[in-house]
Amino acid sequence: MAEMSAAIPQSQVVGQSRMPAFSRILVYLVLIMLGIFFMFPFYAMVIASFMPRNALNSITPTLWPNPFITSNYTALFSGEINPDLIVKTPFIRALFNSLAVAIGQTVPALLFTSLVGFVFAKRRFPGRNILFYCVLVTMMLPYQSTIVPFFLLMSRLGWINTFWPLWIPWWAPAWGVFLMRQFIAATIPDELIDAAAIDGASLLGMYWRIVLPLIGPITAVLGILNFMNAWNDFIYSNIVMNDPNMVTVPLLLNLFKGATLTVPEYGVMAAGSVIATIPLIIVFFVFQRWLIGGIMSGAIKA
Amino acid sequence: MTTQNQISGTPGLMSAPQVGRRSSIWHQIWKHRIEYLLISPFFIIFGIFHGYPLAFSIWLSFQRWQGIGEPRWFGLGNYERLLKSERIIGALGNTIIFLIILLPIIIGLTLVLATILNSPQIKGRKVLRVLYFLPYITSAVIVAIIFQLLLNNNSGWINGILEAVGIGRVGWLIEAWPARISVILMVLWGATGYNVLIMLGGLQGIPAELYDAASVDGADTIQKFFFVTVPMMRGVILFVGITTTIGLLNLFTQPWLLFSSSSGSGPDDATATLNTIQYSTAFQASRYGEAAALGFIIAILVIFATLIQLRLVRTAEA
Amino acid sequence: MAKKNFNKSISRRSFLKMAGVSAAGLAATTGMGSAFAAPAQQEVDESLTGTLVFWGHGDHPLDYIRVEFLKKYPNVTLDWQQIEDHAAKFKTAMAAGTGAPDLYWMEATDVALYGAQGALLETTDMIEQIKDTLIPGKLNEAYVASMGGYFGMPGDLSVSGIFYRADIMEELGIEISDNMMYEPDFLAILSQIAEAGKNAVLYPAGGGFVATAQWSWFDAQFGGSGPTTCDNAEVTINDEASINAVNLMKKIYETGATLQADFWTPEYWAAINSGQLVLDLCPAWARGFWESNINEDVKGVWRVAPLPRAIPGGPNTGVWGGATLVSPATTQNPDLAKIFMQFAFGSMEGATAAGNWGIIPPYLPYLEGPFQELTTDLFGEQVIGPIWLDMAQNLSLDYCRTAAYGAATGADVLESSIDGMIKGEVDIETGMQDVADRLAEILPDYQV
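None of the values given here were measured: they were computed from a predicted structure.

Novice: Teacher, can you tell me more about the pairing of strand 13 (residues 323-326) of chain C here?
Specialist: Each regular strand displays side chains that alternate between the two surfaces of the sheet. Residues and elements named next belong to chain C. Residues of strand 13 alternate between two faces, with A323 and L325 on one and T324 and V326 on the opposite face, all of them buried. Alignment of strand 5 (residues 104-107) against strand 13, held across 4 bridges, turns out to be antiparallel. Note on strand 13: the bridge partner recorded for W105 is L325. Pairing analysis gives 2 bridges linking strand 8 (residues 153-154) to strand 13, with the strands arranged antiparallel. Among the inter-strand pairings, M153 is bridged to a residue of strand 13, identified as L325.

Novice: Would you mind going over the pattern of salt bridges with me for this structure?
Specialist: Close approach of charged atoms allows side chains of opposite charge to pair. All names here are of chain C. Counted under the stated rule, the structure contains 25 salt bridges over all chains. Between E254 and K250 there is a salt bridge, and its shortest N-O distance comes to 3.1 Å. Pair noted here: E254 and K250 are both in helix 10 (residues 240-254), with a separation of 4 residues, about one helical turn. Among the salt bridges present, the one from D412 reaches R438, with a minimum N-O distance of 3.3 Å. Placement of the pair is D412 in the loop between helix 17 (405-409) and helix 18 (414-422) and R438 in helix 19 (residues 428-442), with a sequence separation of 26 residues. Judged by its relative accessible area of 11%, D412 falls in the buried class.

Novice: Whenever I open this one, the interface of chain B and chain A confuses me. Can you help?
Specialist: When the parts of a complex come together, some accessible area is lost, and that lost area is often taken as the interface size. Opposite the 109 residues of chain B that make contact, chain A presents 113 residues. Between chain B and chain A, a total of about 10000 Å² is buried, with carbon and sulfur atoms accounting for 75% of that surface. Looking at the side of chain B facing chain A, the largest losses of area belong to F42(B), F49(B) and Q121(B), adding up to 7% of the total buried there. The interface formed by chain B and chain A contains 1 salt bridge. At the boundary of chain B with chain A, the tally comes to 10 residue pairs in polar contact (both at pLDDT 80 or more). It is helix 3 (residues 33-60) of chain B that contributes the most residues to the side of chain B that touches chain A, 18 residues altogether. Of the residues in the side of chain B that touches chain A, the class split is 73 nonpolar, 30 polar and 6 charged.

Novice: Can you walk me through the packing of helix 2 (residues 61-72) of chain C against helix 13 (residues 334-346) of chain C in this structure?
Specialist: A pair of packed helices can be characterised by two numbers: the angle between their axes and the separation between those axes. Residue and element names in this part refer to chain C. In contact at an axis separation of 10 Å, helix 2 and helix 13 are set at 115 degrees when each is read in the N-to-C sense. Regarding the angle of helix 2 to helix 13, the classification is roughly perpendicular. For the pair helix 2 and helix 13, the sense of crossing is right-handed. Of helix 13, the residues touching helix 2 (which contributes L62, I65, E68, F69 and K72) are I339, F340, F343, A344 and F345. Its residues placed into classes, the contact of helix 2 with helix 13 shows 8 nonpolar, no polar and 2 charged.

Novice: What is the right way to look at the state of the cysteines in this model?
Specialist: Residues and elements named next belong to chain C. Tallied over the entire structure, the rule returns 1 disulfide over all chains. Between the sulfur atoms of C230 and its disulfide partner C400 the distance amounts to 1.8 Å. Every disulfide takes its handedness from the sign of the S-S torsion; for C230 and C400 that torsion is 90 degrees, giving right-handed. Of the two residues, C230 sits in the loop between helix 9 (208-221) and helix 10 while C400 sits in the loop between helix 16 (385-394) and helix 17, which places them 170 residues apart along the sequence. The class of C400 is buried, set by a relative accessible area of 16%.

Thresholds, definitions, all that
- Residues numbered from 1 in each chain as written.
- Chains lettered and ligands numbered in written order.
- Predicted model: local features only at pLDDT ≥ 70, side-chain atom pairs only at ≥ 80, totals over all residues.
- Heavy atoms only, no water.
- Buried < 20%, exposed > 50% of the residue type's maximum accessible area, 1.4 Å probe, protein only.
- Helix = DSSP H or I, 4+ residues; strand = E, 2+ residues; numbered from the N terminus.
- Pairing = 2+ DSSP bridges.
- Salt bridge = Lys/Arg side-chain N within 4 Å of Asp/Glu carboxyl O.
- Contact = heavy atoms within 4.5 Å.
- Buried area = accessible area lost by both parts, 1.4 Å probe.
- Polar contact = N/O pair within 3.5 Å; in protein donor to acceptor, adjacent residues only side chain to side chain.
- Nonpolar A, V, L, I, M, F, W, Y, C, P; charged D, E, K, R; others polar.
- Axes fitted to C-alpha atoms, helices over the stretch in contact; angles between N-to-C directions.
- Parallel < 35°, antiparallel > 145°, perpendicular 65-115°, else oblique.
- Left-handed = near helix turned anticlockwise from the far one by under 90°.
- Disulfide = S-S within 2.5 Å.

Structure (structure tokens):
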């Protein structure tokens, strides 16, 4: 940023929106260098997925898989990782389970958080602040504090080896409510709400007709992040799932990390991680369409 | 909670709750029954699945418990033990160092990057957004191996480069301050894309008219950034600030993965955090009561830090 | 800590193919490693039924034992669930009092902790019948003094020794004898290695759990009882043996030979592959892990020797890791669990399967029998059985891993304090006194 601000001359023509070529090149240079910095480990993961087990252990960096093998992918789908490690959960099944966890968690969470965020942002009622602070406070406890009672609750409910522990508790994410509330309060003018009230709209009606159409960008952000959190969840899935049929992708890939007792299978792990990111990238692109501007200004003019 | 004041005059979160005359409190509640009805499913789920573990954890923090058998009452013993522990104080010091360095960098960098990536003038910005977001979806175990390869002393790639250009080796993983910098780099690497995305979401909520008006008034790019973007983004900046603070006060994964043989503590305990200590207290040393108490110490710190940030924003507004 | 418990062997891979072919006794295998066929099958018992659930990582020694068990008891269901991070999961289930599996592969310190709370299935009746066939030093770890009984079945022997490059030692004119003292023999060797510009003995930044493992070996070798007395009543982490142990670590560090790299990272393997690290102190279970991570051209040139002695006539080994097979007291199938345990590590079939996986079972008839012939990829033509068995019989019986052991050597007590003493920043006696004070503060937590 320092380079950028220095590069833009103070005498820039008023209202001009085009950057001079020199500073534009500088901006691109910084953006691309950052891009490489952020992309590098992902790239390393992709090439590792085409290399043998110990290739990641290699001290000499390679920028292209050498030797190039595809057996990590076939091993992943056959479940026969090496003669001694035969995985009991089919990878396809784990992908399905992860998808079920992520969708079943994200869609209701978006509905709940936007509704609650709207009520907190635009309605005043007794206890509003207290309730909102209650939401905030639970955000602040580390999971290690609550994992034992969480497990106890799930096993008393008979929810071990079901999706419920990974769905219902996460329909009420505190940070989601917080983010929704911040966005709605800042960007939806009260005039819109008041006008709807004058027209006799109910609270649910206002939410449906005014709020929902205007919160596309933040729903996209929350949707992406929530989906990815759910997709990547390890801690909670690990304690509630034992049945091979209920194992999710992070649990399955963890079998290859070898940090506890077995030899790491980094190649297969990288292959699994690469496949596991494909749905995430799809979700990213799908939701990113909602991040494209223009929604707000149109609504206000109307 | 803050910016709506300018737009609509709705009182912010921090303003005194406008409760009517005490006699009419029930009337007030009845009047708002629809609001309560709409938020009740959320709070029922919240109460059961987050409230109960929280209450259990409070109770546990006053017990001695090895995770088996009957817990034994310990009063404030766990808290006393923690508060006079030099390691806890050291870990707190490390955390404050991480906060002071990372918080401004993350907020500044992600806001600027989001603004640039939001600009229609930047070609290929959709691709760049994905690139910046890749750390968030790269396997953590593999990331740890890559960082080890990059940073290790004898054969690390970075030390190889530093030696080649005549600077000499840096003990990234074996000396206190370089170890902290390694953790900071790894956090920055992982957190940027995520927060850029949130900032992008916030930027979409700023009406284009405001920029048009600023242009008419003769503002340049930099001025628009400081006089339109920053004020309009205060709510989202506050969100990023608070969630980043919570994340850093709960920092665990990066030191844990980089310094796995010392339970995340690193050389001279330089990268120990409250959470690495809490994890080993619970799952390695089986002192669950003490771990619960440490959880509350962390939570109190987080609440304290959050209140400071809310106050700062309010002061800046006044 | 789970990560101290690595076990793995490569040689067993070829075994599966061979097992069907060969009769009892030694089986020739591909490569240099050898493995053994299970003894001829005894009678099949179809009357035994029931289900046992086990949590362990994929590719576990119990996978091999499971196969053998099912041959003998075909109507039993053994539900082996593959879970990599089972430690936190198991502890959570035990804490909640519900949802734990029937069988678990547990660290010694946790056996003491859970056993004293009555949370594990008592196995005294079963152990008493086979006691004489098990290594005493390992059997001790399944004994819970406060309950006066056994709680589980001894699993893998984790005796430790010296791994060294025989060829490079010869070049340097160094002789590694089976009967050395740390002082002066071993320290002189380290100095010589350092002078030659090579490394010996891993000592990671901050010390970490590698440092506390070394401390545990040396403390046992100096005749110490570990961090506490064996009844877990008194702190002994500042007694003479404990302080001598830290002193020895400091002297080893001061030879300048130690390698500073993190434990079993690419940097560590690179030091082995390049011939830079020529000697290390390792537990028996390290062998399989080494074989999987180092280059082919540096296999077969390594040799193993017992640890040097700290005091004349004292033990020439110590323990690091090594698990005990246990059942939670809540298991629905206590009798079946005990039958499985006895089969696993108290029978020739089970012990042979465990040995072929790559761990060392504590079952004497196996150790004195086929194990004596064992050769491995890592140690080439060296017949390693006699050395490991000698060490196993040498294990100190005065040394205990009690309920407080994990915490005492863990992150918040010894692990975080020892580095300063070794580097001379903190006086050892003062430092260990601080450690003892800290331990005394938390010790009541681990007493019933």
